[in-house]
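What follows is the residue order along each chain.
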Amino acid sequence: MTALLSLSGVTAFYGAIQALKGVELNVNPGEIVTLIGANGAGKSTLMMTICGNPRARDGRIVYDGADITRVPTHEIMRQGIAQSPEGRRIFPRMSVYENLLMGAHGRDGGEAAETMEQVFALFPRLKERTAQRGGTLSGGEQQMLAIGRALMSRPRLLLLDEPSLGLAPLVVRQIFGAIRDLNRSTGLTVLLVEQNAFQALRLAHRGYVLVNGAITMAGAAADLLARPEIRAAYLEGG
Ligand code: ATP
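None of these values were measured; they are calculated from a predicted model. (Residues numbered from 1 in each chain as written. Predicted model: local features only at pLDDT ≥ 70, side-chain atom pairs only at ≥ 80, totals over all residues. Heavy atoms only, no water.)

Q: What's the story with the pattern of salt bridges in this structure? I'm lost.
A: Pairing is possible between side chains that carry opposite charge, provided their charged atoms lie close to one another. Considering all chains together, one arrives at 10 salt bridges under this definition. Across the salt bridge formed by glutamate 31 and arginine 206, the nearest N and O atoms sit 2.6 Å from each other. Linking glutamate 31 in the loop between strand E2 (17-27) and strand E3 (32-36) with arginine 206 in strand E9 (residues 206-211), this pair joins segments that are 175 residues apart in sequence. One salt bridge in this structure joins aspartate 64 and arginine 156, with 2.8 Å as the shortest N-O distance. On the criterion of sequence distance, the pair formed by aspartate 64 in the loop between strand E4 (58-63) and strand E5 (66-67) and arginine 156 in the loop between helix H6 (139-151) and strand E7 (157-161) is long-range, its members being 92 residues apart. (Salt bridge = Lys/Arg side-chain N within 4 Å of Asp/Glu carboxyl O. Helix = DSSP H or I, 4+ residues; strand = E, 2+ residues; numbered from the N terminus.)

So, in structure tokens, the structure goes:
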């Protein structure tokens with residue numbers, strides 16, 4: 001199968017600090033792939049590098065058959081990659097409705113309205129709160145809004161950075177359930193970064209383990225879940 005996204009030998013730096021050290025990673029169409037790793041392993045950097053900020057210094061990033069390694073971030077987004085960044089970064093003073101519209105990136109009104117209905121079907125809580133300011137939503141609702149906003153651009157590849165961060169287990173299950181439903185019903189391809197390795201590996205088809213900026217393990221999610229070294233490092237108590 002031809003990968004929708006493929007990284008080979010990707011490095012990234014913050015000044016003199018090397019955050020990514022020759023990353024090899026593939027995401028096939030229709031897959032949910034998770035990238036797990038400890039604090040500071042470079043997970044967020046990998047997501048941001050795919051979007052061109054920071055830029056990969058070495059290596060190649062190919063999306064949908066085209067080399068996007070040097071393509072500007074806004075153009076990468078236009079080609080169908082959407083990111084729901086860590087920390088959510090919704091617009092706190094804007095309403096739920098306005099936040100969602102910001103994600104539509106100038107698509108025409110009819111199409112945006114249709115996509116918004118799909119987002120509301122996925123997260124009915126948002127529909128009840130269209131006029132509420134983003135900043136007054138609960139943590140879980142803000143996460144739903146951030147994912148919903150990313151979906152408004154009708155991406156083919158959704159990059160999700162730690163959607164479970166700071167949320168109660170029940171809310172995490174709701175959000176992961178929504179991602180699974182979306183993947184099953186629309187075939188949306190998802191790259192999910194998580195510290196919550198147990199939940200992420202149960203949701204994903206495949207997984208990668210990132211340690212100090214390098215991939216140390218990869219495989220079917222069920223196989224990774226069963227490996228003693230993964231259990232010891234990432235799943236104890238999880
Ligand atoms: P976490 O799970 O804590 O979010 P992470 O795996 O996402 O961690 P990154 O945020 O990608 O890790 O950070 C990787 C490394 O790069 C860390 O050592 C971090 O301190 C460093 N780093 C990240 N952002 C910057 C920056 N803007 N300037 C300098 N160093 C940075």
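Q: Would you take a moment to explain the nonpolar core for this structure?
A: Leu100, Leu126, Leu151, Leu158, Ile175, Ile179 and Val190 are the most contacted members of the largest nonpolar core, which has 47 residues in total. Apart from residues lying up to four places away in sequence, isoleucine 175 is in contact with Gly140, Gln143, Met144, Ile147, Pro163 and Leu167. One finds Val10, Leu20, Val23 and Leu46 within the second-largest nonpolar core, a separate group that totals 29 residues. (Core = buried A, V, L, I, M, F, W, Y, C linked by side-chain atoms within 4.5 Å. Buried < 20%, exposed > 50% of the residue type's maximum accessible area, 1.4 Å probe, protein only. Contact = heavy atoms within 4.5 Å.)

Q: Explanation requested: the layout of surface pockets in the structure shown.
A: The probe, sized like a water molecule, is rolled over the atoms to show the empty space still left. The space that makes up the largest pocket amounts to roughly 490 Å³. Considering the residues around the largest pocket, the lining is formed by 19 residues, among which Met77, Gln83, Pro85, His105 and Arg149 are closest to the centre. Every element with two or more residues in the lining of the largest pocket is listed here: helix H2 (73-78), strand E6 (81-84) and H6. No other element matches the four residues that E6 contributes to the lining of the largest pocket. Its residues assigned to classes, the lining of the largest pocket shows 10 nonpolar, seven polar and two charged. Considering only enclosed or pocket space, the second largest pocket measures out at about 350 Å³ in volume. If you trace the second largest pocket, you find 17 residues lining it, with Leu151, Pro155, Leu182, Thr186 and Leu188 closest to the centre. Among the elements of the structure, helix H4 (109-122) and helix H7 (169-186) are those that each provide at least two residues to the lining of the second largest pocket. Here the lining of the second largest pocket gets five residues from one element, more than from any other, and that element is H4. Classifying every residue of the lining of the second largest pocket by side-chain character gives nine nonpolar, six polar and two charged. (1 Å grid on protein atoms, 1.4 Å probe; cavity = no way out; pocket = protein on both sides within 12 Å on 5 of 7 lines; lining within 4 Å. Points joined across faces, edges and corners; volume = space filled by probe spheres on them. Nonpolar A, V, L, I, M, F, W, Y, C, P; charged D, E, K, R; others polar.)

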